[in-house]
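Residues per chain are reported as follows:
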Amino acid sequence: MQTILSGIKPSGTPHLGNYLGMLKPSLELMKRPQTRCFYFMADIHALNTIQNRELLRQYTYEAAAAWIALGLDPHQAILYRESDIPEISELNSLLAHAVPKSLMNQAHAYKAITQKNQEAGNEDLDDGVNMGLFNYPILMSADILAFDTDFVPVGKDQVQHLEITRDIARRFNVRHGECLKLPQVIVKEEVAVIPGLDGRKMSKSYENIIALFQPEKEMLKCINRIVTDTSPPEAPKDPDSSSLFAIYQGFAAKDQIEEMRAHYAKGIGWGQMKKELFEVIRSALGDAYKIYQELMSHPEELDRIFNEGAKKARAIARPIVDRARNAVGF
Ligand code: TRP
């Protein structure tokens, strides 16, 4: 039996980048035989950026509804909110002593902010950094290590966090004896970076996202806003530098992708390509939007699923965290 675990930070509306980077791979992994899947809403992580309680609840429901609408069966996978599992916070506090501060200084999310401050000529490089953000990789390690996780499917931006998790587990084990299981990362290389409307990585912080769940008309409008160059339809185009093609690859079948490469070589109009992109997205998502809406209008049903999931998850985390308590001498 192998344990697969992944989390989504509910700090914005789910978008195509979330789908291709994490949601879709996590759903595919559920089909593997002999696996137990833990999928959770990383709401304590989200608290670093979302301090409006209504919004935090809304995004948490949205993340869960997205997973279920896309095919996650809550009877098969254990679905829960991070904040419902006190064992995670407990392990978080047990790990801290084994983490050198310098390791946290290296984390991308933290470095990105200090760099921004430096570029802006701000003398306080830590301006805007709260301790939740600084400690993020430790909490993320606790999320993972509390379940003896074997595999963690994530987007490419999270690979460093997984390296840090392994590093922390190793340091803990050196001090206290073999106790924590080292997880392995699973990244789908071919869908590593999903570009957004402006060509930069699709991210809520760049405000360039395409929401996963919206009426078809709105989705098409959104796709039409993706930035392209001004080359005429008949000009041959390079698929590998095209945002539209990058997203298309995430949704289309192998033979469709090859065909599209040929179209690019011959020349395809951007308007035509946008229509094709819309079509593959529409067919990949199927009825998901309807199911999503249904779930979002019944948050009490989502609460029930969260409660069930928390019960199951806690029963599994408890002995693992007790093992760590015991290892340090408590
Ligand atoms: N950091 C991840 C993100 O921003 C979310 C996350 C939190 C996560 N804890 C995790 C992912 C544990 C995988 C495993 O997308």
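A.B. asks: Can you tell me about the nonpolar core, naming the residues and giving the values?
C.D. replies: Counting 59 residues, the largest nonpolar core has Y39, W67, L70, L72, L79, I210 and L277 as its most contacted members. The element best represented in this core is helix 3 (residues 53-69), accounting for 8 residues. Ignoring sequence-local partners within four residues, the contact set of L277 consists of I223, I226, L244, I247 and Y248. In terms of nonpolar packing, the next biggest core, distinct from the first, is built from 44 residues, F40, I78, L145 and V152 among them.

A.B. asks: Please give an account of the pairing of strand 3 (residues 78-81) that cites residues and values.
C.D. replies: Residues I78 and Y80 line one face of strand 3 and the alternating positions L79 and R81 line the opposite face, and both faces are buried. The sheet contact formed by strand 2 (residues 35-41) and strand 3 spans 4 bridges and is parallel. In the strand pairing of strand 3, F38 is matched with I78.

A.B. asks: An account of helix 10 (residues 216-224) is needed here, citing residue identities and associated values.
C.D. replies: Along helix 10, the residues that are buried comprise M219, C222 and I223. What you see down the axis of helix 10 is that its buried residues fit within an arc of 100 degrees, all on one side. Among the exposed residues of helix 10, those pointing more than 90 degrees away from its buried face are K217 and K221. Buried positions along helix 10 lie against helix 13 (270-285).

A.B. asks: Report on the site of the ligand, specifying residues and quantitative values.
C.D. replies: Around the ligand, the structure places 13 residues, and the nearest of them are G7, Y136, M140, D143 and Q158. Taking D143, its side chain carries an N or O atom lying 2.8 Å from a nitrogen atom of the ligand. The contact in question runs from a nitrogen atom of the ligand to an N or O atom on the side chain of Q158, over 2.9 Å. For the ligand, whose accessible area on its own is 360 Å², the fraction buried by protein is 90%. Elements represented by at least two residues in the shell around the ligand include exactly strand 1 (2-8) and helix 8 (136-145). Looking at which element gives the most residues to the shell around the ligand, the answer is helix 8, with 4 residues. For the shell around the ligand, a count of residues per class yields 8 nonpolar, 4 polar and 1 charged.

A.B. asks: Pulling in residues and values, what's your account of the packing of helix 4 (residues 86-95) against helix 15 (residues 299-328)?
C.D. replies: Across the interface, helix 4 lies against helix 15 with an axial gap of 9 Å and an inter-helix angle of 20 degrees. As far as their axial angle goes, helix 15 and helix 4 are roughly parallel. Taken as a pair, helix 4 and helix 15 cross one another with a handedness that is left-handed. For the pair helix 4 and helix 15, the contacting residues are P86, E87, E90, L91 and L94 in the first and R314, A317, R318, V321, A324, R325 and V328 in the second. Residue composition of the contact of helix 4 with helix 15, grouped by class: 7 nonpolar, no polar and 5 charged.

A.B. asks: So what about the side chain of S26? Which residues, and what values?
C.D. replies: Considering the arrangement of structural elements, one finds S26 in helix 1 (residues 16-29). One polar contact links the side chain of S26 to the main-chain carbonyl oxygen of L23, over a distance of 2.8 Å.

Definitions and cut-offs
- Residue indices begin from 1 for each chain and proceed along its sequence in written order.
- Reporting of local features is limited, given that this is a predicted model, to residues whose pLDDT is at least 70; pairs of side-chain atoms are given and counted only at 80 or more, and all residues count toward the totals for whole chains, interfaces and linings.
- Only hydrogens and water are removed before side-chain values are computed, so all heavy atoms of the structure are retained for them.
- Note on terminology: a nonpolar core comprises buried Ala, Val, Leu, Ile, Met, Phe, Trp, Tyr and Cys residues joined through side-chain atoms within 4.5 Å.
- Note on classification: 1.4 Å probe, protein chains only; a residue is buried when its accessible area is under 20% of the maximum for its type, exposed when over 50%, partly exposed between these limits.
- Put simply, DSSP H or I for four residues or longer makes a helix, DSSP E for two residues or longer makes a strand, and each gets a number counted from the N terminus.
- Any two residues whose heavy atoms approach within 4.5 Å at even a single point are treated as in contact.
- The pairing criterion is simple: DSSP has to find at least two bridges between the two strands.
- Think of the arc as the fan of directions from the helix axis to the C-beta atoms.
- We call a residue near a molecule or strand as soon as one heavy atom of that residue lies within 4 Å of the molecule or strand.
- Two N or O atoms count as a polar contact when they lie within 3.5 Å, although within protein this holds only if one can serve as hydrogen donor and the other as acceptor, and sequence-adjacent residues are included solely when both atoms are side-chain atoms.
- The method behind every accessible area is Shrake-Rupley, applied with a 1.4 Å probe, and residues are considered shielded solely by the protein chains displayed.
- The classification used treats Ala, Val, Leu, Ile, Met, Phe, Trp, Tyr, Cys and Pro as nonpolar, Asp, Glu, Lys and Arg as charged, and all other residues, Gly among them, as polar.
- Helix axes are fitted only over the stretch in contact, all axes being lines through C-alpha atoms; the angle between N-to-C directions runs from 0 to 180 degrees.
- Angles are sorted into four bins: roughly parallel if under 35 degrees, roughly antiparallel if over 145, roughly perpendicular if 65 to 115, and oblique for all others.
- Two helices that cross are described as forming a left-handed crossing if the nearer one is turned anticlockwise from the farther one by less than a right angle, and a right-handed crossing if clockwise.

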